[in-house]
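# Structure assessment
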Amino acid sequence: MSEKVGAVMVVGAGISGIQSALDLADSGFKVYLVDSKPSIGGLMSQLDKTFPTNDCSMCIEAPKMVDAGRHQNIELLTYSELVSVEGEDGNFHAKILKKPRSVDIDKCTGCGLCTENCPIMLKIQIPEKPPAPEVRDRELIDGFISEHADLPNPLIQILLDVSGKYSYLPRDVLEYLAFRLEIPFSNIYRIATFYKSFSLEKRGDYHVKVCLGTACHVRGGSRVLDKVRTVADIYGGDTFSIETVNCLGACALGPIIVVNEEVHGHVTIDGVDKVMNELGASKAEGGEEE
Amino acid sequence: MKFNTPAELESHTKKLVDSLDPNKPVIILCGGTGCVASKCHDLIDAFKEELASQGLEDKVSIRITGCHGFCEKGPLVVIHPEKVFYPMAKPKDVPRMVTETVLGKKVIDELLYIDPGTGEKVIHEYDVPFYKKQDRVIFADNGEIDPRSIDDYITLEGYSSLVKAFDMSSEEIIEEVTKSGLKGRGGAGFPTGVKWGFARKAEGEQKYLICNADEGDPGAYMDRSVLEGNPHSVIEGMIIGAYAIGASQGIAYVRSEYPLAVDNLDIAIKQARESGFLGENILGSGFDFDLKIYKGAGAFVCGEETALIASIEGRPGEPQQRPPFPAESGLWGCPTNINNVETWSNIPHIIKKGADWYADIGTNDSKGSKIFSLVGKITNVGLVEVPIGTTLRTVIYDIGGGIPDGKKFKAVQTGGPSGGCIPEEHLDTPIDYKDLTALGSIMGSGGLIVMDEDTCMVDVAKYFIGFTLDESCGKCTSCREGNARMLEILEDITCGKGTIESLDLLEELSQYVKDSSLCGLGKTAPNPVLTTLMYFRHEYEAHIRDHACPAKVCKDLIWFEIDAEKCTGCTACARKCPVDAITGEKKEAHVVNQDVCTRCGTCYQVCKFDSVQVKTGGDN
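Residues numbered from 1 in each chain as written. Chains lettered and ligands numbered in written order. Predicted model: local features only at pLDDT ≥ 70, side-chain atom pairs only at ≥ 80, totals over all residues.

## With respect to the environment of V208(A)
Residue and element names in this part refer to chain A.
- You can see V208 is positioned in strand 8 (residues 206-211).
- Given 25 C-beta atoms within a 10 Å radius, V208 is considered buried.
- Separated by 18 residues in sequence, V208 and R190 have C-alpha atoms that sit 25 Å apart. (Helix = DSSP H or I, 4+ residues; strand = E, 2+ residues; numbered from the N terminus. Buried ≥ 20, exposed ≤ 12 C-beta atoms within 10 Å, placed from the backbone.)

## Quick word on the sheet that holds strand 9 (residues 240-245) of chain A
Residues and elements named next belong to chain A.
- On the basis of which strands lie adjacent, the open sheet formed by 4 strands has the order 9-8-10-11 and mixed pairing. Each end of this open sheet is capped by a strand with a single partner; those strands are strand 9 and strand 11 (262-264). On average, each strand axis in the sheet is tilted by 25° relative to the strand beside it, whichever way the strands run.
- Two elements, strand 8 and strand 9, share 6 bridges in a ladder whose sense is parallel. What sits directly across from V208, in strand 9, is I242. (Pairing = 2+ DSSP bridges. Axes fitted to C-alpha atoms, helices over the stretch in contact; angles between N-to-C directions.)

## Overview of the interface of chain B and chain A
- At the interface, 44 residues of chain B touch 39 residues of chain A.
- For the side of chain B that touches chain A, the secondary-structure elements that each account for two or more residues are helix 2 (33-37), strand 11 (369-376), strand 15 (447-452), helix 18 (457-471) and helix 25 (602-606) of chain B.
- For the side of chain B that touches chain A, the residue count by class is 20 nonpolar, 17 polar and 7 charged. (Contact = placed C-beta atoms within 7 Å. Nonpolar A, V, L, I, M, F, W, Y, C, P; charged D, E, K, R; others polar.)

## Considering helix 12 (residues 259-274) of chain B
Residue and element names in this part refer to chain B.
- Taking 1.5 Å as the rise per residue, helix 12 with 16 residues should run 22 Å; its terminal C-alpha atoms sit 23 Å apart, in good agreement.
- Taken together, the buried positions of helix 12 are occupied by A261, V262, N264, L265, A268, I269 and A272.
- In the segment just after helix 12, G276 is the residue with positive phi, at about 85°. (Expected span 1.5 Å × (residues − 1).)

## Section: the domain arrangement of chain A
- For chain A, the assigned domains read domain 1 (7-117), domain 2 (138-194) and domain 3 (206-284).
- Summarising the inter-unit geometry, the C-alpha centres of domain 1 of chain A and domain 2 of chain A are found 45 Å apart. (Domains from an automatic or database assignment.)

## Here's the deal with the sheet that holds strand 14 (residues 420-423) of chain B
Residues and elements named next belong to chain B.
- Overall, mixed pairing links the 5 strands, which are arranged 12-11-15-13-14 in an open sheet. Each end of this open sheet is capped by a strand with a single partner; those strands are strand 12 (382-387) and strand 14. The sheet shows a mean angle of 30° between the axes of neighbouring strands, direction not considered.

## So, the environment of S611(B)
Residues and elements named next belong to chain B.
- Position of S611 among the secondary structure elements: in the loop between helix 25 and strand 19 (612-616).
- Given 21 C-beta atoms within a 10 Å radius, S611 is considered buried.
- Measuring from C-alpha to C-alpha, the distance between S611 and E110 comes to 34 Å, with 501 residues separating the pair along the chain.
- Excluding residues that lie within four positions of it along the chain, S611 makes contacts with I562, D563, K566 and C567.

## Focus on the nonpolar core
- In terms of nonpolar packing, the biggest core is built from 220 residues, with L159(A), V228(A), I239(B) and Y253(B) touching the most fellow members.
- Here this core gets 9 residues from one element, more than from any other, and that element is helix 11 (residues 231-245) of chain B.
- Not counting residues within four places of it along the chain, the set of residues in contact with V228(A) comprises V208(A), V210(A), I242(A), I257(A), V272(A) and M276(A).
- Counting residues in each nonpolar core, the second largest holds 14 residues, with V10(A), I15(A), I18(A) and I40(A) among its members. (Core = buried A, V, L, I, M, F, W, Y, C linked by C-beta atoms within 7 Å.)

## What to know about the confidence of the model for chain A
- Overall, the predicted model of chain A reaches an average pLDDT of 87, with 96% of residues at or above 70.
- Confidence scores differ between elements of chain A, with helix 10 (residues 269-284) of chain A showing the lowest mean pLDDT of 81 and helix 1 (residues 15-26) of chain A the highest of 96. (pLDDT = per-residue confidence, 0-100.)

## What to know about the packing of helix 8 (residues 170-180) of chain B against helix 11 of chain B
All names here are of chain B.
- Contact geometry of helix 8 with helix 11 gives a least axis separation of 8 Å together with a crossing angle of 120°. Of the possible angle classes, the one that applies to helix 8 and helix 11 is oblique. Note that helix 8 runs across helix 11; the crossing there is left-handed. Contacts between helix 8 and helix 11 involve S170, I173 and I174 from the first element and I240, Y243 and A244 from the second.
- Across the contact of helix 8 with helix 11, the residue classes tally to 5 nonpolar, 1 polar and no charged. (Parallel < 35°, antiparallel > 145°, perpendicular 65-115°, else oblique. Left-handed = near helix turned anticlockwise from the far one by under 90°.)

As structure tokens, this is what we get:
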């Protein structure tokens, strides 16, 4: 084996940093393990279980943390920030800022007495509940909420109702729901973007659903979609909006498109042209007919 | 009316049956989703108007039923008591149908169904080959009853199985269902009786029962048709299941994309509650059970049971590690039993006619009959119910009438995005959970998508991987990223940039995705790729080596040419071309400018003289 020279710096002492440091140290390198937190361990030390086997996280990580702390070749630089790295392969010069701990870590046993006796306590501050945000059709939305009051978590059902009313999810309604249901706005956003029935964007005057189920696909559904897109582009965004759906369950009529809930079965590329151009032209003339 | 005892229900049933006049004309109109899309409501209005104008409202009744299954020929009209069948009926023919057939008892020859196989006209619905060769159990009543009338269901001995079940102990019911050999119809095929047994044994004050009606497989719509056409059979099955397991609350999780199914089920639940089949002390048995609808918000993965539970709990539909199985810890941490729509609708039949009767249908391994949705490039598109073990050939050729337009059969895709493509040499395989798995596919929820020579198998594989990628919840890296990489490779192949080595890579990736994904979606996602690679490798090789798409589908590998000898110069193609790529004088042969053409295929569709031809690599 060739003789190992020099040293390696590992930045970040999470599970992968610790493992890298151990592997390097075991193969003979001097390792500087740098982390900005007061202790090594990273995110994994905060987790209960690991995916996909549901093993206990600390049972995996703790022995490695101890190994890294004890290893002759590893020098821990915790509560430290990497300021700069200069140089080239084989000869780097790193500058590290050690933040003051005000505690001698060689003598500290981690007994916790100092925290108990510290005279400055952090007070929990509960903010006052803000006033309800402005929302359109407040009574209607309140009605949706009370309709599903029997469900422990009615968010999805309420969103379906909202979507049924406006055909999309307006931002002010979502903010109002977050206030009324007392859940974080981000949770509502997550649900609204996970499920396919919800759209955050306002739909056009004519909402075209193109079925891309298997039966429609083998009968040329994707070509129909290309055509729908081409025609919609001509009229611009607010005339037509397009949605692709995975099977509407009317496979016998494939390929199908649905324009504002009206089903057009066995459509041809030419047929798309006709249907959409008629609607587009009637809108351009300001006509009311659909 | 509310039935407080089984005797009250029995006397009501008897009264209904006695009041039936077998000679009273009934016009049956299919109101399933397929027929609604074929404008059956215009037809219904026309019939109502006609009867009103002739003053026949009391003498002739109209019944709007759920899906009959023969969606290709919608809208369907069947005139009882003779059961004269008029497919693709038009409102303009309504006065004649009323005057000649309903009143005059005469058959209108030119409106009859013509069997494309023999060219003969068929008068009665039951003689149509599509229906004649099926064996309908679950679907038998769909064409007979109005789904919005509980009396229609009760007339056909509806809810009599429930009465019978209340005379049995819950162990006896579970034993009966286990003995019948019924397997879950959602796709995985787990024995239903065994599943019930787990939920029965699980400890917990509150137990839940869920009906999985989140039918997401593209190309499959039998659950929708059962719910739309015969919702009471599902409700009855669920009450029996709840009694056997000891559950007091049921939830029907229905896709919001199925508004008619939600409406019909909602009406049926209200009727069942008013009649005392749901609520407290059902039929005086002392057993309480209620049912409510929960609408899905459009996520394919919610068909998986743990994801479905997550969705009901108001979370994103991401699957969870099993165990614990829902039978131990499901909805809100309580023991939960989930079965699919079709499974539930089997239960009343098993209880009524017995496990032995049910076990006689089907194969040694799999019992009963199964509804398939036969779609794609097939003459008779529609829903087909046959005993398990019927061969693919029987379903496709005898019932489905083969491939239209004289094209050649290429493959049949079973099991939706989790299934595979089965080629012609395996057409004699019986449709059975075991045999389809042996071919690399699965039974799935029952979609049979037929593909002919114009379907490109690489494109199909690409379609399914695109579908799974779109529907993947993103929890497992292998499914989220693995499918994305597979789609990239397939896209390269379909645009002529693939390499032969990439086929091995596809197979290797498929294995990783299968092995390391948590739920059924990821575990089965590569099946369409693996089966097409196994049976249609030559098509992949043609794309890669010759830059040719044998089925002439892949846009980047084809081009359109106009045959100068056939072209009459009608200018239809030039006028329709969206990018003005076609030039030529009137009455002279036209030419396609390949640099401008976007290969949209419009010219090919509009040409009436077959002069526009599709070329691919290797053609001149």
